[in-house]
Amino acid sequence: MSGVRAVRISIESACEKQVQEVGLDGTETYLQPLSMSQNLARLAQRIDFSQGSGSEEEEAAGAEGDAQDWAGAGSSADQDDEEGLVKFQPSLWPWDSVRNNLRSALTEMCVLYDVLSIVRDKKFMTLDPVSQDALPPKQNPQTLQLISKKKSLAGAAQILLKGAERLTKSVTENQENKLQRDFNSELLRLRQHWKLRKVGDKILGDLSYRSAGSLFPHHGTFEVIKNTDIDLDKKIPEDYCPLDVQIPSDLEGSAYIRVSIQKQAPDIGDLGTVNLFKRPLPKSKPGSPHWQTKLEAAQNVLLCKEIFAQLSREAVQIKSQIPHIVVKNQIISQPFPSLQLSISLCHSSNDKKSPKSTTEKQSPEDHLYVLEHNLHLLIREFHKQTLSSIMMPHPASAPFGHKRMRLSGPQAFDKNEINSIQSSEGLLEKIIKQAKHIFLRSRTAATIDSLASRIEDPQIQAHWSNINDVYESSVKVLITSQGYEQICKSIQLQLNIGVEQIRVVHRDGRVITLSHEGQELQDFLLSQMSQHQVHAVQQLAKVMGWQVLSFSNHVGLGPVESIGNASAITVASPNGDYAISVRNGPESGSKIMVQFPRNQCKDLPKSDVLQDSKWNHLRGPFKEVQWNKMEGRNFVYKMELLMSALSPCLL
């Protein structure tokens, strides 16, 4: 065998990973290798804690060394060196220290168990208690401790009982004071909210706005009386109040001002009716003073009467083209033709309630909710004028102003300045102006909405401003084509809606003034939508590379439009072979013509004049495109397809 040549054999493991499962199709599923922490835990599980500790091994090694000392003294030194080396060798197991600590703890537990067994069984040892002298019963510490605890608990219970009695007494007193309030304390509460004065034996209060500058002739006086209708010996009800107020009979009940804007034309109809200064029926709450709600309702009635009296006075004094009509508690005015503004005072007492008023529900309309706030501001300005610092002239020939200005002479007011001070708009005129603006705003919104819902191409969008004035509103109108909003931004309008007219500001700064007629605004928007299509073709031609040959917003040829003027544009292809002419009118609609080269027109008659072949490159006559049969979702998209079809193909 020595003569046989050696053969090298490569030995490797059959599989690095253990096979967990072999599928039916022969695929093998392997187990993932263990991590370092898992491998350490697996090694720790292999430790056998039943083996001897290192101290026992050292003792065994020492015994063997002693046995070897008898054999020969020469080898003892070598063995001592080996023992020293073994003593300082590191532990071979990673859990050696844990094993040693657990073993020492086991030893201590065994010793403790033995001690407890000896003490319990009393077979080997007996523990006798140390004898002590018994204390007298009075000096027993447990008895003393129990007595001290009883005294402490009794003191704490006494304190709690006293506090509970005081709390109960205070709650009872508060309830009695709440049910049996005296007249003086209730009168003090009344003086904190209302102006009172004593006239003889009576206590009178003031409901009017004279302290704020009101000149309404109604006295607005109420009387404070003591409530003696209840027997205090019986059970007092919760809503008892020792004080009561007596108001004039004409201020009892509830009142409100009804403003109605009605339009007979079918375009808008009635704008709605709003009840101003109308308060819901007050619900009496237990313990709350009923005189407060009673006086607030009476003061509201007085305010409504003052406002309506001022409106009636101004309606008679103002001279307008259509005179105002005042009939009983109703004022009728016509701000615009076929538009009627009705202002009426509704006053109902608590005893005579009509069934209609109880079942009537207020339907709030747009932009009418500001009238109540505006009326408050207007009546406040009217009151403030009477409290102004301008003194009346004394004597009557002296100028207005302060005393120093009257004495100055050359710096006194002239006639024009006096007239400017005296001339001011009345309360009714301001309300009529607000009604005009509300009507014009509603008509503008209805016109824009009707056009947006009726016409799909082009699209019209309205963005109303949130911050408006009582006499002016603004809306931004955008006319766009769907899918081409970025290139078709030529038509942007700003509508400033005033009292009697609408100012239209174009993007280039041009200003157009429109009247209050809705048809005029509708015709203007239709003409702008017609011009938008032509402007869109112009912007599309720039993007597609076509040349604009002519453009006009007002075409003088063709059929005459009843609304505005027609617009037209002519564009040519990049190589000049084709031309497209577009004419768009508000009523006639769009008309598209395409001009082809002469060499592509077979039906052209031969001319004896044009014999040279170079004239064949000129464009021939126009042919109309059947625009309704073109594919596309809107006008600009169809025009883009037409330009793409006529553009040269660049390879």
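Residues numbered from 1 in each chain as written. Predicted model: local features only at pLDDT ≥ 70, side-chain atom pairs only at ≥ 80, totals over all residues. Heavy atoms only, no water.

Draft legend 1. Expanded view of the overall build of the protein. Broken down by element type, the protein carries 14 helices and 21 strands. In the protein, which comprises 651 residues, the share counted as buried stands at 30%. Here the analysis covers contacts within the protein between residues at least 6 apart in sequence; of these, 55% occur between residues at least 24 apart. Within the structure as shown, the protein displays about 44,900 Å² of accessible surface, and the carbon and sulfur contribution to it stands at 53%. (Helix = DSSP H or I, 4+ residues; strand = E, 2+ residues; numbered from the N terminus. Buried < 20%, exposed > 50% of the residue type's maximum accessible area, 1.4 Å probe, protein only. Contact = heavy atoms within 4.5 Å. Areas by Shrake-Rupley, 256 points an atom, 1.4 Å probe, with all protein chains shown as cover.)

Draft legend 2. Spotlight on the pairing of strand β1 (residues 19–22). Judged from the 3 bridges that link them, β1 and strand β2 (residues 28–30) form a sheet pairing that is antiparallel. Bridge pairing in β2 links V19 to Y30. Adjacent in sequence and paired antiparallel, β1 and β2 are bridged by 5 residues, among which G26 carries a positive phi angle near 95°. (Pairing = 2+ DSSP bridges.)

Draft legend 3. Representation of the packing of aromatic side chains within the structure. If you walk through the whole model with that rule in mind, you get 3 aromatic pairs. Between W194 and F222 the ring centres are 6.4 Å apart and the planes differ by 80°, which places this aromatic pair in the edge-to-face class. Of this pair, W194 sits in the loop between α6 (183–191) and β3 (195–199) while F222 sits in strand β5 (residues 221–226), placing them 28 residues apart in sequence. Comparing W194 with F222, the two get one shared label, buried. Consider the rings of W627 and F635, whose centres lie 5.4 Å apart with planes at 50°: the pair is tilted. Just as W627 is buried, F635 falls in that class too. The ring of Y637 has R633 lying over it, and the distance from NZ or CZ to the ring centre is 5.0 Å. (Phe/Tyr/Trp six-rings, centres within 6.5 Å; stacked < 30°, edge-to-face > 60°. Lys NZ or Arg CZ within 6 Å of the ring centre and 35° of its normal.)

Draft legend 4. Summary view of the pairing of strand β14 (residues 492–497). Inspection of the sheet shows strand β13 (residues 473–480) paired to β14 by 6 bridges, in the antiparallel sense. The partner of L478 across the bridge, within β14, is Q492. Note that β14 and strand β15 (residues 502–505) share 4 bridges and pair antiparallel. Across the sheet, residue N496 finds its bridge partner in β15, namely R503.

Draft legend 5. Fine view of a nonpolar patch on the surface. On the surface, a nonpolar cluster with roughly 340 Å² of combined accessible area is contributed by L40, W95, V98 and L102. Here W95 shows up in the loop between α3 (76–87) and α4 (96–121). Residue W95 is classed as partly exposed on the basis of its relative accessible area of 34%. (Patch = residues over 30% accessible without salt bridge, like charges linked within 9 Å, V, L, I, M, F, W, Y side chains within 5 Å. Salt bridge = Lys/Arg side-chain N within 4 Å of Asp/Glu carboxyl O.)

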